[in-house]
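Residue-level listing of the chains:
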Amino acid sequence: MYRILKQAFRTGVVTEAPPRLDDAELEAVGVELRRRIEARFNRSLAIRQVDAGSCNGCELEIHALNNPYHDVERFGVHFVASPRHADALLVTGPVSRHMQTALRRTWRATPAPKLVIAAGTCACDGGEFGVTYASCGAVENVIPVDVKIPGCPPTPLELLRGLLAAIGD
Amino acid sequence: MSRFDWLSEYLARLEDEHVIVRAGEARSLAPAHRLVLDAEDWGRAGGVAAALGCRWAGVWGDPRGEAVVVRACLEYQGDYLVLETGVPLSHPILASHTPRYPGADRLERHLQDLLGIAFLDHPDSRRWTRHQAWPEGDYPLRPDFPVAGRTPGRAPADTDYPFVRVQGSGVYEIPVGPVHAGIIEPGHFRFQAAGEDVLRLEERLGYVHKGIEKLAVGRDPAALARLAGRVSGDSTVAHAWAACQAMERATECAVPARALHLRALFAERERIANHLGDIGAICNDVGFAFALVQCGRLRERWQRRSRELFGHRLLMDAVVPGGVARDLPREAIAPLRADHADLRREVAPLFEIIDDHPSLDDRLLGTGILAPADARALGCTGYLGRASGLGFDVRRDNPYPPYDRLVPEVPVQGEGDVAARVRVRMAEVRASLALLDRLLEGLPGGDIAAPLPAPAAGATGLGLVEGWRGEILTFVRFGEGGRIERFFPRDPSWFAWPALERLIHGNIVPDFPVCNKSVNGSYSGVDL
Ligand code: SF4
């Protein structure tokens, strides 16, 4: 325990390091996001992430949203385990045809009103994979999409900006 | 047996079995040796290799007109050997290697689903990569199959896959996926359990099959490198390197030394980033969030530096045919060195805590044991194999530059449990840090890329790279006009997934997440 405390103490609070440009923008976007989430989603935006055929690069950056640098929970963004608990679906990848039905079912299981956010170039327009015998391409070819976040993969900051755009003013 | 002595031993044993072997043109798949066989000897040749103790490293088909050339790769103490045979498309039947090499199971079924090769004596006749997106009897990798497919309707769910059932009083089944509870790739797991104990786990993958092998056909080298970098996003450097290496070997491209050093720099950065992420996540899965937070912080800083110096947090598209896309400016060397020193200082106390913390020991020691015999039978490489006593590492055992001069330290453990996999990963972080420093020290000057010579039609090449998960093997064949006609990337996950099915046996259901995370197979890397 002593070693853990020592390490925690030595590390300090990483978000309080002198902000670089990135961090300043992150804070600004995050604070605005929290304001809107408080007003419109009763303080908590629940997101169900669905990988519909990604190369897993997008997942790594979505994970990074939860690391101590970004820590999106502080802005009111929560990733939840079930689509039934979700306000929004965050879908990555071109939709593989093998995931087509699973994605539609997940979308139907999400209570309305629901937001669908396509994260990553693949989800936006099919990306490197496009439409093939095995891939449906963009998410909007399978379910309706509200907002697109391009990038291969989008950085955590780009993801946050996209979330902000998704929930509107 | 010294280098390639085993090959004469293998040939002698084949002769005893009355297998006729023609030595193939030696250079076309270098560094691998190439032996051409008759189709009817295929099974026996595999059997003799198994008896000799060769590791089976993959099989792939390559349609050429009315026939399919099938190649299987074997490895023995760092030497590679490719067996090659041909079967007519009208009658594509081969003996299976699976009875002697259990790791061959899914790759052979993949080949069956995509090219229509039927494997005799295969113990499992079920389809694998094919769900319902294209009709049975249609084979997407055959030249007459259009890349857009023939059945535009909605693909139904794969509901009728015949899972093996375990029956008995008190035995119940837990189906999980394809949409899992976390931020993770899709796949389906079927547990048969009694009480808390897992009696059997069966995986059903193929959900993210995007047709990568078909999509590669007709691409130019640069476009292939981009695609290869997206076979598995967490291994973007390693897969792109393997594809470029295959193309460079096929065209005899002399890649500048500086470019090779930078590739290794990227590959080691990728290894460290992934291990940091996973070590944190494994600890978090048993409730030790402290490690997740600490590792997450270090990983984020690492990725930010990658972006700052090389333009991308995951280093996508940093490796291009003939070299690399971004140079390392001279003034970046000092801060990079400081970074390495920083990380080394930071992980020292952290890894010490993880290595020796009672609540972690409680959950990780003795959990998810992959027996060394199973690891060997399945052909596991990387941290998975190394935690079960298999020390193989392409960088050391069949070195490609710059690893011919910078031999990495390869940590090995024997216990095969989750704790051993964590220890191996921690040691790999340290070893990669040491390598990174030496890479910077010996960084040659000069160009960062050479133009890829025009590929001859029919030129083939094999890429062999140690990705962070283990050995990646990539085959490339050029067609007319410098276009790719066949691309097959074999991720180490092909052998990690069956290992997970074995190592979970006898563990409790709640330990599945941590076992799974410690193995961390790529879905995208095998669904292709
Ligand atoms: S957008 Fe890029 S990182 Fe995301 S799934 Fe597609 S290829 Fe992978």
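Residues numbered from 1 in each chain as written. Chains lettered and ligands numbered in written order. Predicted model: local features only at pLDDT ≥ 70, side-chain atom pairs only at ≥ 80, totals over all residues. Heavy atoms only, no water.

The name given to chain B in an unreviewed UniProt entry is Ni,Fe-hydrogenase III large subunit, with Thioalbus denitrificans as the source organism.

The name given to chain A in an unreviewed UniProt entry is Ni,Fe-hydrogenase III small subunit, and the organism recorded there is Thioalbus denitrificans. According to the UniProt record, the Cofactor (unreviewed entry) comment for chain A is "[4Fe-4S] cluster". Reading the Sequence similarities (unreviewed entry) entry of the UniProt record for chain A gives the comment "Belongs to the complex I 20 kDa subunit family." (UniProt positions renumbered as here; feature names shortened; annotations may be inferred.)

This part is about the overall build of chain B. Secondary structure assignment for chain B yields 17 helices and 15 strands. By the compact-globule yardstick of 24 Å for 528 residues, chain B fits well, its C-alpha radius of gyration being 23 Å. Expressed along its principal axes, the backbone C-alpha trace of chain B runs to roughly 70 × 60 × 55 Å. Taken over 528 residues, chain B has a buried fraction of 63%. Relative to all contacts within chain B whose residues are 6 or more apart in sequence, the contacts with residues 24 or more apart total 69%. Distance between charge centres in chain B, computed from 62 positive and 71 negative side chains, equals 4 Å. (Helix = DSSP H or I, 4+ residues; strand = E, 2+ residues; numbered from the N terminus. Rg over C-alpha atoms; globule rule 2.2 N^0.38 Å. Buried < 20%, exposed > 50% of the residue type's maximum accessible area, 1.4 Å probe, protein only. Contact = heavy atoms within 4.5 Å. Lys, Arg positive; Asp, Glu negative; His and termini not counted. Charge placed at Lys NZ, Arg CZ, Asp CG, Glu CD.)

Take the environment of Leu14 of chain B next. All names here are of chain B. When you line up the elements, Leu14 lands in helix α1 (residues 5-16). For Leu14, a relative accessible area of 0% corresponds to the buried category. Residues Leu14 and Ala225, 211 residues apart in the sequence, show an inter-C-alpha distance of 38 Å. With residues near it in sequence (within four places) discarded, Leu14 still touches Val19, Val21, Ala45 and Val48.

Okay, the sheet that holds strand β1 (residues 21-23) of chain B next. Residue and element names in this part refer to chain B. With respect to topology, 5 strands assemble into an open sheet ordered β1-β2-β5-β4-β3, the strand pairing being mixed. Of all the strands in the sheet, just β1 and β3 (55-64) have a single pairing partner and so form its edges. Between one strand axis and the next, the sheet turns through 25° on average, direction left out of account. As paired elements, β1 and strand β2 (residues 33-37) share 3 bridges and run antiparallel to each other. Within β2, the residue paired with Ala23 across the bridge is Leu35. Against the sheet, helix α2 (residues 42-52) engages β2, β3, β4 (67-76) and β5 (79-88), with an angle of about 10° to β4. (Pairing = 2+ DSSP bridges. Axes fitted to C-alpha atoms, helices over the stretch in contact; angles between N-to-C directions.)

Below, the discussion takes up the sheet that holds strand β15 (residues 484-490) of chain B. Residue and element names in this part refer to chain B. Strand order in the open sheet formed by 3 strands is β13-β14-β15, with antiparallel pairing between adjacent strands. Each edge of the open sheet carries a strand with a single partner, namely β13 (460-466) and β15. The mean inter-strand angle of the sheet, taken between neighbouring strand axes irrespective of direction, is 10°. The sheet contact formed by strand β14 (residues 471-478) and β15 spans 6 bridges and is antiparallel. Note that in β15 the partner of Leu473 across the bridge is Arg490.

This brings us to the interface of chain A and chain B. Quite often, the size of an interface is put as the accessible area lost when its parts meet. Opposite the 54 residues of chain A that make contact, chain B presents 71 residues. At the boundary of chain A with chain B, total buried surface from both sides reaches about 4,900 Å², with 58% on carbon and sulfur atoms. Counting the contacts that link chain A with chain B gives 4 salt bridges. For Glu128 of chain A, the salt bridge identified is with Arg226 of chain B, shortest N-O distance 3.5 Å. (Buried area = accessible area lost by both parts, 1.4 Å probe. Salt bridge = Lys/Arg side-chain N within 4 Å of Asp/Glu carboxyl O.)

Turning to the domain arrangement of chain B, a few remarks are in order. Residues and elements named next belong to chain B. When its domains are assigned, chain B resolves into domain 1 (5-120) and domain 2 (220-368 + 398-494). On the side of domain 2, 15 residues touch domain 1, which itself brings 24 residues to the contact. With both sides pooled, the region where domain 1 packs onto domain 2 buries about 1,700 Å², and carbon together with sulfur makes up 59% of that total. Taken together, the links from domain 1 to domain 2 amount to 2 salt bridges. In this structure, Asp62 and Arg477 form a salt bridge, with 2.8 Å as the shortest nitrogen-oxygen distance. For the interface between domain 1 and domain 2, the tally reads 8 residue pairs in polar contact (both at pLDDT 80 or more). At the level of secondary structure, the elements contributing two or more residues to the side of domain 1 that touches domain 2 comprise β3, β4, β5 and α3 (105-115). A per-element tally of the side of domain 1 that touches domain 2 places β3 first, with 9 residues. (Domains from an automatic or database assignment. Polar contact = N/O pair within 3.5 Å; in protein donor to acceptor, adjacent residues only side chain to side chain.)

So, on to the UniProt feature "domain: NADH:ubiquinone oxidoreductase-like 20kDa subunit" (unreviewed entry) in chain A. Within this structure's numbering, the places UniProt gives as "domain: NADH:ubiquinone oxidoreductase-like 20kDa subunit" (unreviewed entry) are residues 55-165 of chain A. Along residues 55-165 of chain A the backbone is 30% helical and 14% strand, and the end-to-end C-alpha distance reaches 25 Å.

Take the site of the ligand next. Within the structure, the ligand sits among Ser54, Cys55, Gly57, Cys58, Gly120, Thr121, Cys122, Gly151, Cys152 and Pro153 of chain A together with Arg230 and Met316 of chain B. Proximal residues around the ligand fall on chains A and B, making this an inter-chain site. Secondary structure elements with two or more residues in the shell around the ligand: α3 (57-64) and α5 (121-125) of chain A. When grouped by side-chain class, the residues that make up the shell around the ligand number 6 nonpolar, 5 polar and 1 charged. (Near = heavy atom within 4 Å. Nonpolar A, V, L, I, M, F, W, Y, C, P; charged D, E, K, R; others polar.)

On to the UniProt feature "domain: NADH:ubiquinone oxidoreductase 30kDa subunit" (unreviewed entry) in chain B, then. Sequence positions flagged by UniProt for "domain: NADH:ubiquinone oxidoreductase 30kDa subunit" (unreviewed entry) are, in local numbering, residues 69-150 of chain B. The span residues 69-150 of chain B is 13% helix and 29% strand, and its two end C-alpha atoms sit 25 Å from each other.

Now for the packing of helix α6 (residues 236-251) of chain B against helix α7 (residues 257-285) of chain B. Helix-helix packing is described using two parameters, namely the angle between the two axes and the distance between the axes. Residues and elements named next belong to chain B. Running from N to C, α6 and α7 cross one another at 150°; their axes reach a closest spacing of 8 Å. With respect to their mutual orientation, α6 and α7 come out roughly antiparallel. The handedness of the crossing between α6 and α7 is left-handed. Along its contact with α6, which presents Thr236, Val237, Ala238, Trp241, Cys244 and Glu248, the element α7 presents Leu260, Arg263, Ala264, Phe266, Ala267 and Glu270. The residue makeup of the contact of α6 with α7, split by class, is 8 nonpolar, 1 polar and 3 charged. (Parallel < 35°, antiparallel > 145°, perpendicular 65-115°, else oblique. Left-handed = near helix turned anticlockwise from the far one by under 90°.)

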